[in-house]
Structures are given as C-alpha cells and as structure tokens.
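Summary of structural features
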There are 2 protein chains.
Amino acid sequence: MADNNLEVKENEKVISPVVIKRLPRYYRYLGDLLKNGVVRISSKELSQKMSVTASQIRQDLNNFGGFGQQGYGYNVEYLYNEIGKILGLDHTNNIIIMGAGNLGQALANNQDFDSNGFKIIGLFDVNPRLIGITVRGVEVYDIDMLEDFLKNHEVMIAALTLPGTKATKVAKDLVDMGIKAFWNFAPVDLNLPEDITVENVHLAESIMTLSYRIHTKK
Amino acid sequence: MADNNLEVKENEKVISPVVIKRLPRYYRYLGDLLKNGVVRISSKELSQKMSVTASQIRQDLNNFGGFGQQGYGYNVEYLYNEIGKILGLDHTNNIIIMGAGNLGQALANNQDFDSNGFKIIGLFDVNPRLIGITVRGVEVYDIDMLEDFLKNHEVMIAALTLPGTKATKVAKDLVDMGIKAFWNFAPVDLNLPEDITVENVHLAESIMTLSYRIHTKK
C-alpha cells in the first residue's frame, strides 16, 4: 500500500515515518506498564523490555517533547496518551465487519480493540444462519441493511473478512456509501480510489514469508 | 522481528531481501493467472494488473533466470513454480494451531493455505467444549496430548491463536519439544532463542497503523 502521508506535524515537529511505524509497539508496552501501575520508566529499562537500544528509544521518544528527563525517565501515562493521540486513538473509531464467519467473529471477540478507541458496532453477512446472532453483544445484520445502517451510524473503518471473490465488489459498494478506510483481510488488492485508505492483512503472504525464512535458515 | 537471512543463493545468484518481500504477491498473481489458464504474460500486462512498473517487474523477475524473453513474456507456470521453490512451498509445511477459538478455527478453515503447501494437521485447546470437534476434518486435541502428537508428527510451524497471557509459556514449551517456527497472533513479543523463527501478525498494531493513516489524511 502506498502511504501518501509521509510525515505528521505535532507541535511544529516533523516525525519520521520510520518512527511512526514503531509507535504501536511502544504504545503496547506503555499500556502494559500502565496496567501494572508503573508511573515512570528510564529509557534503559524500557529498552531492555523491548529488546531495542536505549539510544533508539531516546531518539524516537524525543519527538514527543521533553518527557524523558535525565534522572527521571519517562512519565508512562503521559507518553502513552501522547502516542495514542498521534495514532488517532483519542477518537472513537467505529468499525463494521463485513463477513461474520470465524474471522469476523474473532475480530468482534478481540478485546484488545475496545480499549484502544476502536468500537465494533455491527457485523454484516448474507448467511441466514448468522443473521440475528450477536457476538459479544454486537449484532450480525443482513447485508441488505447496510445502506440504512450507514445512514444512522458514523463508521470510520470497514473490516473485510470475506472471500476474495466478494471483497472487491463489497468494497466498491462501501466506497459509494461513503466509507473511506478498509482493513482488508481478503487475499486481493482492492484497487480503490486514491483518497481511500487501505490496510491489508494478507495472511497467506505472511505465512509464505515465514516459510521462506524457515527454509533459508536450514 | 530480526531476519538474519538477508540473502538467498539460487543458482549462484543473490536475491535481494527487498525482492524476496515482494515474492508472495507475485506468487498470488501468477497463481490467479494459472487458474485462469493464462500460459504466458508480458511484463507490461503483469505490471498493469499489479499496479507496479514494468521495469520493476523485469528487474525482480530477472533474478529467476531468462524466462522473460523479448517478444514472448513470462511463462506463467514456470515462474510460479520457481517462486514457490524460493518460498519453500515445494515442501509440505505441517502446521499445528494452538488455540481453537474463532481465530484458530478461521485459520483452519482458510483454504488458501492448503494449495500453497501448508497443511494444518491439528488444533490444540484446553476448553472441553472444543476438544474432540473437527474443523474442516482437522481434530481439536486436548493440549495434554501435544507432546505425544509431536513425537508422531513432523510439525514445521506452530500458529499461536491464544491470549497474550498464555502465548509466551506455550511457545517456550513448544520450543522445548522441538518446534522451530511460530506464526504468532498473540499481542506479545515471544522473546525466543535466536535459532527460532517468529512471524508476528499483530492485529492491534495493524489497525493502529490504519487509524494513524486515517487521522493524518484528514
């Protein structure tokens, strides 16, 4: 996927895209520290936990202002919230899931998303056996209800957990209905207009990469 | 994940890791062409399908010998098979899935893997309601059966579709039992010995990346 937003300005600073890519991992570690009641942490301690150099951590996190004071370290909660803001997690991001099979249900059941500002508000399917059931309190709707649903709900992201043969058509319909962002699990490239954001999770390509690494290691 | 295998020798040629990363996508497109009965394709046609430049395709695929002849194009089946070999897909890669919840079942149900040399031969769980059921003909076993199972089956990859709190312990046990490669869906870094290969699919980090891109586009 081409990402046309190569930099973000935060307090007049430009944060490099390489740093941005590392942010979700920092966010995860800081979130775990916060859950464990850790108030502050030095770059050295954080670097040991994360298996990266303390110098990289200092350089990366210096982008977020002067929170890493010598002899004090980082304020965990502050840094966690600042990174959350950069990642857009201070908004509620409503998600719909197209396809209520195992993978769609697995996403709906994943509690990691709620706590990070993501909220799954509906699943859609064509299978009469699935329509009407709820997954962690979220209803599976008939796909015919989609247009009405989108009129009444602000949806930020559509996750596609459909077969590849159906995903392209459904994505194009969703674009026509105003959806601007896709989390695509179908094994196809969607080829949508430039202004649409697509994040692909291509599982078959992921396991091929693993296979490559196994067989070259031998 | 650090990948220590930065290059692979194939017929005395060194293929760059950047090219290697693009191989699964070529493999997918060539596989689709093959299914549709296409015997040969020019770099120009392939580049249009894949939305990359013809020049990049020629450079990438030149690594695989002289199959792209001027005026002929690429032999689809030959190229597909050659790329498959590089990716280790000419072996059968037996997989077990640790965790038979929605995500584990979604992987077991995914037909994309079979056709690419991957074979899921067992799921393991602790939940008595899941033990004994089959998913596309593959049984869910009690996790207590794991050690015996591994004595009787050659397993190449363990997929971890467990909660983060359990994944680290299960992965360490599997390493003790001889497993060398993990496809990790749990939201943790496994921190396993150097000789173990880990491919992470961190879904929460994937959707945070999407969120970042949405909110910076605005």
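All figures in this text were calculated on a predicted structure; none of them were measured in a lab.

Take the relation of the copies chain B and chain A next. After a rotation of 180° and a shift along the axis of 0.0 Å, chain B superposes on chain A with an RMSD of 0.0 Å. Here the two chains are linked by the operation of a two-fold rotation axis. By C-alpha distance to the rotation axis, the residue of chain B lying nearest is B:N102, at 2.5 Å. Both copies share a contact surface, since 100% of the interface residues of chain B are interface residues in chain A too.

This part covers the pattern of salt bridges. Evaluation of the coordinates by the stated rule reveals 18 salt bridges over all chains. Taking the shortest distance from any N to any O, the salt bridge between B:R28 and A:E205 comes out at 2.7 Å. Of the two residues, B:R28 is situated in helix α1 (residues 17–35) and A:E205 in helix α9 (residues 203–217); the pairing between them involves two chains. For A:E205, a relative accessible area of 16% gives the class buried. Where B:K35 meets B:D32, a salt bridge forms, and the shortest distance between an N and an O atom there is 3.9 Å. Highlighted residues: B:K35 and B:D32, both in helix α1, separated by three residues, approximately one helical turn. Residue B:K35 is classed as exposed on the basis of its relative accessible area, which comes to 72%.

Below, the discussion takes up the sheet that holds strand β11 (residues 197–200) of chain A. Residue and element names in this part refer to chain A. Read across the open sheet, the seven strands follow the order β7-β8-β6-β5-β9-β10-β11; overall the sheet is mixed. Where the open sheet ends on each side, the last strands, each with one partner, are β7 (134–135) and β11. One ladder, built from six bridges, connects strand β5 (residues 93–98) with strand β6 (residues 118–125); its direction is parallel. Residue N93 lies in a different strand from β6, and its bridge partner there is F118. Across the sheet, helix α5 (residues 102–109) touches β5, β6, β7, β9 (157–160) and β10 (181–184), and the angle it forms with β6 is around 155°. Sitting on the sheet, helix α8 (residues 164–176) is in contact with β5, β9 and β10, with an inclination near 170° to β9.

Right, let's talk about the confidence of the model for chain A for a bit. Averaged over every residue, the pLDDT of chain A is 89; the share at 70 or more is 90%. Note on residues 1–12 of chain A: pLDDT under 50 across the span, and 25 contacts to partners over four residues away in sequence or across chains.

With respect to the helices and strands, A:S206 occurs in helix α9. On a C-alpha basis, the gap between A:S206 and A:N109 in space is 22 Å, while along the polypeptide they are 97 residues apart. Within polar-contact distance, the side chain of A:S206 engages the side chain of B:W183 at 2.8 Å.

Quick look at α1(B) now. All names here are of chain B. For α1, with 19 residues, the first-to-last C-alpha span of 28 Å sits near the 27 Å given by 1.5 Å per residue. Its maximal kink placed at L23, α1 deviates by approximately 35°, while the proline P24 follows within four residues. For α1, the complete set of buried residues consists of V19, I20, L23, P24, Y26, Y27, R28, Y29, L30, G31 and L33. Immediately downstream of α1, the backbone of G37 shows phi near 80°, a positive value.

Further remarks concern unusual backbone geometry. Residues and elements named next belong to chain A. One non-glycine residue with positive phi stands out, namely S51, at about 55°. Note on placement: S51 falls in the loop between α2 (43–50) and α3 (54–62). Owing to a relative accessible area of 55%, S51 belongs among the exposed residues under this scheme.

This part takes up the packing of aromatic side chains. Geometry of an aromatic ring pair is reported as the spacing of the ring centres plus the angle between the planes. According to the stated counting rule, one finds ten aromatic pairs over all chains in the structure shown. Summarising the aromatic geometry, the rings of B:F124 and B:F149 are spaced 5.2 Å apart at their centres and angled 80° between planes, so their arrangement reads as edge-to-face. Here the residue B:F124 occupies a position in strand β6 (residues 118–125), and B:F149 occupies one in helix α7 (residues 146–152), the gap between them amounting to 25 residues. Across this residue pair, the class does not change: B:F124 and B:F149 are buried. Considering the side-chain rings of B:W183 and B:F185, the 4.9 Å spacing of their centres and the 70° angle between planes classify their relative orientation as edge-to-face. Among the residues examined, B:F185 registers a relative accessible area of 8% and is labelled buried. Taken together through their ring pairs, the aromatic side chains of A:F124, A:Y141 and A:F149 make up a single cluster.

Another point: the pairing of strand β10 (residues 181–184) of chain B. All names here are of chain B. What you see with β10 is no split at all: A181 and W183 on one side and F182 and N184 on the other are buried throughout. Of the pairings in the sheet, the one linking strand β9 (residues 157–160) to β10 comprises three bridges and is parallel in character. Counterpart to A158 in the pairing with β10 is F182. Each parallel crossover has a hand, and for β9 linked through helix α8 (residues 164–176) to β10 it is right-handed. Sheet analysis places β10 next to strand β11 (residues 197–200), joined by four bridges and oriented parallel. Each bridged residue has a counterpart across the sheet, and for F182 the counterpart in β11 is V198.

Definitions and cut-offs
Every chain begins its residue count from 1, and numbering advances along the sequence as written. Key to labels: chains lettered from A, ligands numbered from 1, both in the order written. At least 70 in pLDDT is required for a residue's local features to be given in this predicted model, at least 80 for side-chain atom pairs to be given and counted, and no such filter applies to totals for whole chains, interfaces and linings, which use all residues. Calculation of side-chain values draws on the structure's entire complement of heavy atoms; hydrogens and water are dropped beforehand. A least-squares fit on C-alpha atoms brings the copies together, and the residues used are those whose pLDDT is at least 70 in both copies. By the convention used here, residues are in contact when the closest approach between their heavy atoms is within 4.5 Å. Definition used for salt bridges: Asp or Glu carboxyl oxygen within 4 Å of a side-chain nitrogen of Lys or Arg. Going along the chain from the N terminus, every DSSP run of H or I of four or more residues is numbered as a helix, and every run of E of two or more is numbered as a strand. Burial classes: relative accessible area under 20% of the type maximum marks a residue as buried, over 50% as exposed, and values in between as partly exposed (1.4 Å probe, protein chains only). Strands qualify as paired when DSSP identifies two bridges or more between them. In this analysis, axes come from line fits to C-alpha atoms, helices being fitted only over the stretch in contact, and the angle between any two N-to-C directions falls in the range 0 to 180 degrees. A score between 0 and 100, pLDDT records how confident the predictor is in each residue. N or O atoms closer than or at 3.5 Å make up a polar contact, with two conditions inside protein: a donor-capable atom paired with an acceptor-capable one, and, for residues adjacent in sequence, both atoms drawn from side chains. Here a helix's expected span is defined as the number of its residues, less one, multiplied by 1.5 Å. A residue's bend is simply the angle between two axes: one fitted to the seven residues ending at it, one to the seven starting at it. Stacked, edge-to-face and tilted labels apply to pairs of Phe, Tyr and Trp rings (six-membered ring for Trp) whose centres lie within 6.5 Å, assigned for plane angles under 30 degrees, over 60, and everything in between, in that order. A clockwise course of the path from the first strand over the helix to the second, judged with the strands pointing away from the viewer, identifies a crossover as right-handed.

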